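Report on the structure
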Amino acid sequence: MAHHLPEPFRIKMVEPIKLLNRDAREAAIKRANYNLFNLRAEEIFIDLLSDSGTNAMSQKQWASMFEGDETYAGSRSYFRLAEVIKDIFGFSYFLPTHQGRAAENILFTCLVQAGQYVPSNNHFDTTFGNICARGGHPVNLVIDEAHNPTLNHPFKGNMDIQKLYDFITKVGVDQIPLGMITVTNNAGGGQPVSMENLRSVSKMYREFGIPFFIDACRYAENAYFIKLREPGYADKSPLEISREMFALADGITMSAKKDGIVNIGGFMAMNDETLYEQARNELILREGFPTYGGLAGRDLDAMAVGLREGLQEEYLRYRLGQTAYLADRLREVGIPIIEPPGAHALYVNAGSLLPHISKEQFPGHALTVELYLEGGIRTAELGSLAFSYPDPETGKMVHPKLELVRLALPRRVYTQSHLDYIAEIFSKTVARRSEISGYLLTYSAKLLRYFTAQLEPIK
Ligand code: F0G
């Protein structure tokens, strides 16, 4: 049976893309110091680096931007967005920010003291980095099943409730200014969190008096997974499921560049008035006046419309169907992926494809370079280049369990024939995998090093 109906939209504006020849791709990656972040857009044929801000907006979103109100304080756009956010998320207060990490920075500036801990299922690297930047300690407590890449579990993003309890009682509530969970769990394979798990996490945080914040970027995709997989939700709409999720929390940080289907934008929302006032002051200092928060009025309007579109069932069916389709094509050509596939991305197990490359020589990174050389496809390494860090006591590098390569799918951008092409390039690349060599790091920053790293192939 076909996984999905055809794309529920037709194309009315086109953006040309072009595949450079092999020599030009070789020159480009060399010039980029073998870091795909240093490539230029025109050097890339299919860009799967991120699903963030890379979305195609609808005619309705573009139309709404013409009505964007650029009034400095009290713009109509702000109130239109406020109404949508109140309706979907339900919190008492919200503040727009230019993107998700700006909301994270403000939230942690208000709440986290040096030496304190913030548990989650898995922190995404910006929440991880922003907690570290306050001197805090991000802690990942996802269920053990998440570490088994081939295990099929409907909600592999779930928090391990026992681990959470043990952790809270070990370090003490005083040391935990807030608790989080990421939906879907991007750093853990884009896996969803069940409503049942959200309920247990919420109950535990609340019993201990710990404010509970959801990192909500891909909440609509998470809601649709709940609808498909969790007993009792088949007849509920993604909107109803979302409201139920957010009623369990005290607030959220949100990058609307994901399920808000915009190119820029984010916000934070909360129920606590004191926190809101504190965050508002930080916002004015860093982002802008609270009715625009680092965005143009037209961006607020695009977000208001995009948040609604992101919850439409036909859209979500297409969205999850597209990822499932690519997963099938990749399995057919023998590519090991994290099972089951998520919604916004597929995660290829590069460690098992390239066992001859050690973690110190970045097998995931090697695969990303080869996919670019083979077919002009840009993907993202999520392995030892992105996540290894020196142990503070011994100085020895601590490596992540899995060496992954992420294929993120921008929303409403690529068609099914693009997906077929991706599978074909994978097939050609792995056919010569024994010839693929590792990489040596020649430049590395302290935090989030993969963005600016420079590398050299090991001959
Ligand atoms: N939280 C999660 C789970 C994310 O995936 C991201 C961004 C953020 C927070 C930060 O949001 O980019 O608007 O500041 N993820 C992008 C990605 C960058 O490619 O996965 P932002």
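Keep in mind that this is a model prediction, so the values were computed, not measured. (Residues numbered from 1 in each chain as written. Predicted model: local features only at pLDDT ≥ 70, side-chain atom pairs only at ≥ 80, totals over all residues. Heavy atoms only, no water.)

**Overview of the domain arrangement of the chain**
- Domain annotation of the chain identifies domain 1 (22-51 + 313-457) and domain 2 (59-309).
- Taking the mean C-alpha position of each, domain 1 and domain 2 sit 26 Å from one another.
- Counting residues at the interface gives 25 residues for domain 1 and 29 residues for domain 2.
- For the pair domain 1 and domain 2, the two sides together bury roughly 2,500 Å², of which 57% comes from carbon and sulfur.
- Seen at the junction of domain 1 and domain 2, the total is 6 salt bridges.
- Across the pair Arg 411 and Asp 259 runs a salt bridge whose closest N-O atoms are separated by 3.2 Å.
- Linking domain 1 with domain 2 are 14 residue pairs in polar contact (both at pLDDT 80 or more), by the criterion used here.
- Contributions of two or more residues to the side of domain 1 that touches domain 2 are made by helix H12 (313-332) and strand E9 (345-349).
- For the side of domain 1 that touches domain 2, the element with the most residues is H12, which contributes 6 residues.
- Among the residues making up the side of domain 1 that touches domain 2, the classes are represented as 13 nonpolar, 3 polar and 9 charged. (Domains from an automatic or database assignment. Contact = heavy atoms within 4.5 Å. Buried area = accessible area lost by both parts, 1.4 Å probe. Salt bridge = Lys/Arg side-chain N within 4 Å of Asp/Glu carboxyl O. Polar contact = N/O pair within 3.5 Å; in protein donor to acceptor, adjacent residues only side chain to side chain. Helix = DSSP H or I, 4+ residues; strand = E, 2+ residues; numbered from the N terminus. Nonpolar A, V, L, I, M, F, W, Y, C, P; charged D, E, K, R; others polar.)

**Here's the deal with helix H4 (residues 100-111)**
- In a regular helix each residue adds 1.5 Å, so 12 residues correspond to 16 Å; H4 covers 17 Å between its end C-alpha atoms and thus fits that length.
- Within H4, 9 of the 12 residues are buried, which leaves the element mostly enclosed by the surrounding structure.
- Along H4, the positions that sit buried rather than exposed are Gly 100, Ala 102, Ala 103, Glu 104, Ile 106, Leu 107, Phe 108, Thr 109 and Cys 110. (Expected span 1.5 Å × (residues − 1). Buried < 20%, exposed > 50% of the residue type's maximum accessible area, 1.4 Å probe, protein only.)

**So, the site of the ligand**
- In the region of the ligand, 17 residues are neighbours, and Arg 101, Asp 215, Ser 255, Lys 258 and Arg 406 sit closest.
- Between the ligand and Arg 101 there is a distance of 2.7 Å, counted from an oxygen atom to a side-chain nitrogen or oxygen.
- At 2.9 Å from an oxygen atom of the ligand is found a side-chain nitrogen or oxygen belonging to Arg 218.
- Classifying every residue of the shell around the ligand gives 2 nonpolar, 8 polar and 7 charged. (Near = heavy atom within 4 Å.)

**A word on the side chain of Asp 215**
- Inspection of the secondary structure puts Asp 215 in strand E6 (residues 212-215).
- No salt bridge is formed by the buried Asp 215; its nearest oppositely charged neighbour, Arg 218, is found at 6.7 Å.
- When residues no more than four places from it in sequence are discounted, the contact partners of Asp 215 are Glu 104, Phe 124, Thr 127, Met 180, Ile 181, Thr 182, Val 183 and Thr 253. (Lys, Arg positive; Asp, Glu negative; His and termini not counted.)

**Examining helix H14 (residues 363-375)**
- Relative to the 18 Å expected for 13 residues at 1.5 Å per residue, H14 spans 19 Å between its end C-alpha atoms, a close match to the ideal helical length.
- Immediately beyond the C-terminal end of H14, within one or two residues, lies Gly 376, with a positive phi of roughly 70°.

**Observations regarding the sheet that holds strand E7 (residues 251-255)**
- Pairing is mixed across the open sheet formed by 5 strands, whose spatial order is E2-E8-E7-E6-E5. Across the chains shown, the open sheet's two edge strands, defined by having one partner strand only, are strand E2 (93-97) and strand E5 (179-182). Pairwise comparison of adjacent strand axes, ignoring direction, gives a mean angle of 15° for this sheet.
- For E6 and E7, the ladder comprises 3 bridges, and the chain directions are parallel. In the strand pairing of E7, Asp 215 is matched with Thr 253. (Pairing = 2+ DSSP bridges. Axes fitted to C-alpha atoms, helices over the stretch in contact; angles between N-to-C directions.)

**What to know about the packing of aromatic side chains**
- The full count for this structure, using the stated rule, is 21 aromatic pairs.
- Ring geometry for Tyr 78 and Phe 94: centres 5.3 Å apart, planes at 10°, overall stacked. Note that Tyr 78 is positioned in helix H3 (residues 76-89) and Phe 94 in strand E2, a separation of 16 residues in sequence. Taken as a pair, Tyr 78 and Phe 94 share a single burial class, namely buried.
- With a centroid separation of 6.0 Å and 50° between ring planes, the pair formed by Tyr 165 and Phe 208 is classed as tilted. With a gap of 43 residues between them, Tyr 165 in helix H6 (residues 161-171) and Phe 208 in the loop between helix H7 (195-207) and E6 connect regions that are remote in the sequence.
- In textbook terms, an aromatic cluster arises when at least three aromatic residues are bridged by ring pairs, as seen for Tyr 78, Phe 79, Phe 89, Phe 91, Phe 94, Tyr 219, Phe 246 and Phe 267.
- In this structure, Arg 329 packs its charged tip against the face of Tyr 325, placed 4.6 Å from the ring centre. (Phe/Tyr/Trp six-rings, centres within 6.5 Å; stacked < 30°, edge-to-face > 60°. Lys NZ or Arg CZ within 6 Å of the ring centre and 35° of its normal.)

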